[in-house]
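# Secondary and tertiary structure notes
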Amino acid sequence: MSEVNGPPGTAAPAAAAGTSGLPGPSGPSGRSGRSGLSGPSGPRPVGGWTRFVTARPRLALLAALVITALAVFAGSGVADRMGSGGWQAPDAESSYATEALEREFPASQPNLLLLVDSGTATVDDPAVAAEAARLTERLAAEQGISGVTSYWQTTSPALRAEDSREALIAARIGGDETEAGKTLERIAPAFAGERGPVKVSVGGPVAVQQEMQTIIQEDLLRAELIALPVTLVLLVMVFGSAIAAMLPLLVGIVAILGTKAVLRGLTEFTDVSVFAMNLTTALGLGLAIDYALFIVRRFREELDAGADTRTAIGTTLRTAGRTVLFSALTVAVSLSAMLVFPQYFLRSFAYAGIAVVLLAAAAALILLPAAFMLLGHRVNALDLRRLLRRGKRKEAAAGETGKGWARFAELVMRRAPVFAIVTTVGLVLLGLPFLGVKFGTADDRQLPAGAESRVVQEHIREGFPGSPGGGLSMLVEGEGTPAAYAGLKERIKKVPGVRGVEGPLTSDSAAYFNVLSGGEAVGQDTQQLVRDLRALPAGSFDTSVTGTAAVLVDSKDAIADRLPWAIGIIVVVTLLLVFLLTGSVLIPIQAVVLNALSLTAMFGAVVWVFQDGNLSGVLAFTSTGDIETTLPVLMFCVAFGLSMDYGVFLLSRIKEEYDRTGDHERSVTFGLSRTGGLITAAAVILAVVMVAIGTSRVTNTKMLGLGIALAVLMDAMVVRSLLVPAVMKLTGHATWWAPRPLRAFHQRFGLSEGESAPAGSSGTKSGPGEPTADGEIPEAGSRDGEKVAAGA
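In this report, the structure presented in the accompanying data block is examined.

Procedures and definitions
- Residues numbered from 1 in each chain as written.
- Predicted model: local features only at pLDDT ≥ 70, side-chain atom pairs only at ≥ 80, totals over all residues.
- Heavy atoms only, no water.
- Pairing = 2+ DSSP bridges.
- Helix = DSSP H or I, 4+ residues; strand = E, 2+ residues; numbered from the N terminus.
- Axes fitted to C-alpha atoms, helices over the stretch in contact; angles between N-to-C directions.
- Contact = heavy atoms within 4.5 Å.
- Salt bridge = Lys/Arg side-chain N within 4 Å of Asp/Glu carboxyl O.
- Buried < 20%, exposed > 50% of the residue type's maximum accessible area, 1.4 Å probe, protein only.
- Parallel < 35°, antiparallel > 145°, perpendicular 65-115°, else oblique.
- Nonpolar A, V, L, I, M, F, W, Y, C, P; charged D, E, K, R; others polar.
- Core = buried A, V, L, I, M, F, W, Y, C linked by side-chain atoms within 4.5 Å.

## Digging into the sheet that holds strand S4 (residues 193-195)
- Strand order in the open sheet formed by five strands is S2-S3-S1-S5-S4, and the pairing between neighbours is antiparallel. Each edge of the sheet is formed by a strand with only one pairing partner; in this case those strands are strand S2 (145-150) and S4. Each strand of the sheet is rotated relative to its neighbour by a mean of 25°, with strand direction disregarded.
- With six bridges joining them, strand S1 (residues 112-117) and strand S3 (residues 166-173) adopt antiparallel strand pairing. Considered in S3, the bridge of Leu114 is made with Ile169.
- Its contacts with the sheet place helix H4 (residues 126-141) against S1, S2, S3, S4 and strand S5 (198-203), and it is angled at close to 165° to S2.

## Considerations on the pattern of salt bridges
- For the structure on display, the rule yields 29 salt bridges.
- For the salt bridge of Arg222 with Asp219, the shortest nitrogen-to-oxygen distance reads 2.9 Å. One end of the pair, Arg222, and the other, Asp219, are both in helix H7 (residues 205-239), three residues apart, so they sit about a helical turn from each other.
- The shortest N-O distance in the salt bridge between Arg264 and Glu268 comes to 2.7 Å.
- The exposure class of Glu268 is partly exposed, given its relative accessible area of 45%.
- Overlapping salt bridges, with partners in common, bring together Arg297, Arg298, Glu301, Glu302, Arg653, Glu656 and Arg674 in one network.

## Thoughts on the packing of helix H18 (residues 548-582) against helix H25 (residues 740-749)
- Following both chains from N to C, one finds H18 and H25 inclined at 75°, their axes separated by 9 Å at the closest point. Taken together, H18 and H25 sit at an angle that is classed as roughly perpendicular. Residue-level inspection shows Leu576, Phe579, Leu580, Leu581 and Thr582 of H18 in contact with H25, the latter providing Leu742, Phe745, His746 and Phe749.
- When grouped by side-chain class, the residues that make up the contact of H18 with H25 number seven nonpolar, two polar and no charged.

## Some remarks on the nonpolar core
- Residues Phe275, Tyr291, Val357, Leu368, Phe372 and Leu634 are the most contacted members of the largest nonpolar core, which totals 153 residues.
- When sequence neighbours within four positions are dropped, the list of residues in contact with Phe372 reads Leu247, Ile295, Val296, Phe299, Thr309, Ile313 and Val379.
- Leu113, Leu114, Ile169 and Ile173 belong to the second-largest nonpolar core, a separate cluster that totals 35 residues.

## A closer look at the sheet that holds strand S7 (residues 472-477)
- Spatially, four strands are ordered S8-S9-S7-S10 in an open sheet, and the strand pairing comes out antiparallel. Each edge of the open sheet is held by one strand with a lone partner, namely strand S8 (498-506) and strand S10 (542-547). Across the sheet, the mean angle separating the axes of adjacent strands is 20° when strand polarity is ignored.
- Looking at chain direction, S8 and strand S9 (residues 510-517) are connected through six bridges and run antiparallel. Paired with Val498 across the bridge in S9 is Ser517.
- Running over the sheet, helix H3 (residues 93-104) touches S7, S9 and S10 and is turned about 95° from S10.
- Docked against the sheet, helix H16 (residues 482-493) engages S7, S8 and S9, running at close to 160° with respect to S8.

By themselves, these are just geometric observations and shouldn't be taken as functional.
Here's what the structure looks like:
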């Protein structure tokens, strides 16, 4: 491992590579060009992992093909077993009350609504009433249906539209989300459509969830059909070689199919959200391409430097491969933080994210070396850019790209205070709209305007009296007398914000009241009413409150309670992992702060666009005036992990060069010149995938895709290109400082992409000397003191 333990201003230790058993610096542009050489001793023997993955490459690829085929079989139908809910905390008071009411009073918690439209007649017309009665009777006879009630049975004004042209039949479909969805699919065709003098439309929470699940599956297929060919074209533009371009895509496909099989297995034991399928596709393609880009690029560098295939693979795995593994671990930790939350919606993204990250890394580290072993220099075959280059040499073009990034880094560092201040202020300003965020719950307005279940809910919202969906149910448990219930009802009526109280409806062991709110369904007044009702003295009764606003209150409380733990996990583990990579105390802190800054634009845009409704016409969604409570948490964890992915790529190359030369500014220039184009290309490709996800007709999926695409682009093009070099210039050699105990810890356990400093050499001053008169530094471990051009 390579460490930097000298004080600021001193050269980093770098012993001769021949003493370390690791190859000396190699590759073009700033390295000796003797890839795979270990000082005078000649080629370094390949390591155990390289031998393992290259010993039988055909067998390895065949095994991967068989495993992938099995994954296709194992993961088939996974979306049909997923739920479209999961926003409710299962251990919350509202969840307990909902389950108890479903058990004791099925009619109190209807999840199926049949909207009966009487056309030009009124709902009280005898022919309409007779047909509605038949529909009600048929629905009650269906298996799995309970608590059937209708306007024609109860004459309740709440079940009849104000224009008397529409009325409702309500029922409860039993079972979990999957069972309820299957029941709805079975019975809906028998009720929906023209039925004699009436037209029936199917709505209610189960219908909304079922339609959302269907649309998500359709949109995901369309997103994949968009993303795959566009991604392939971009990869060809990046690599030139069609063969090299196919490798990242194949790694992504393996990761996606493997993750679907993992999720299919998890559905046997726990609830998994269908929304997680979008993250599987996005991260499966995005991270697999990131990792494969990094590894393929390094392998081609080693080949260009003159290494044979096996030695190039060994060097690639010890450098880029190590960084990929480290990056995957960092991203997985960021995503695993969602496991601390009780909502299965968030936990599902952790399941999918961890699985796809680890599978992408495994595929990149196992399948790519096997493919390299078979391809060798043919990895550069089918160069499709020749027609466009008109005779330009590929090496010259690549060199010019690296020099361009080097000049850009030098420009940023010459004006470091200006770039640091302007960039930071700009990012903070972009994030200001998030200060006005309002949290709400997902409802039918997530669906496109023409979706049947949404149309039903809109008719209820706009045409029926009261505040549909805004009512609260108070479950009352314990033995009570009519007088005790009457006294409790009077106390409920006196609570500020209560418009009316219905009930009680009693059973042998419980009762419940319907409490009508005077405010909006999930408005601040209704949320406060939930808290006031829960604080209301109930005497000998045990009471609990549920309803849409109560679920929102409990969800916000659950997230607020667990959020510090999630952030703590991400921050602490990120600090530790980046320290293990760099050996610096300051760089991990910079990484956390700059990553957080890279997310400000995303959060500001989410509020400005999706909450406030700007661009809603262009993006084809309906603004509800709030943001679903769990979405910012999800977007933070995913975007932070992806930002760390790019941060690790950049820092690893900066650290590698600093270990080799001890020149801080040159190291920053080298790191950006080596990874700037790569990170930008990877970010653009990942943004394309996320934008394809963002074309979904479901608002939350649209928000997730477009928001993360913005965060990725801001991180790659602003934070990594401008803020990181500016800040590292300002902190200078102090960037690499660490107290003696931490230096010793890093010496023992540290990780690095660089190979020039062996473990145990830290703290010595045997590294490269000061710059020569012409600004060049002798290469560490070289036999003849050959020089490396500054800024390479």
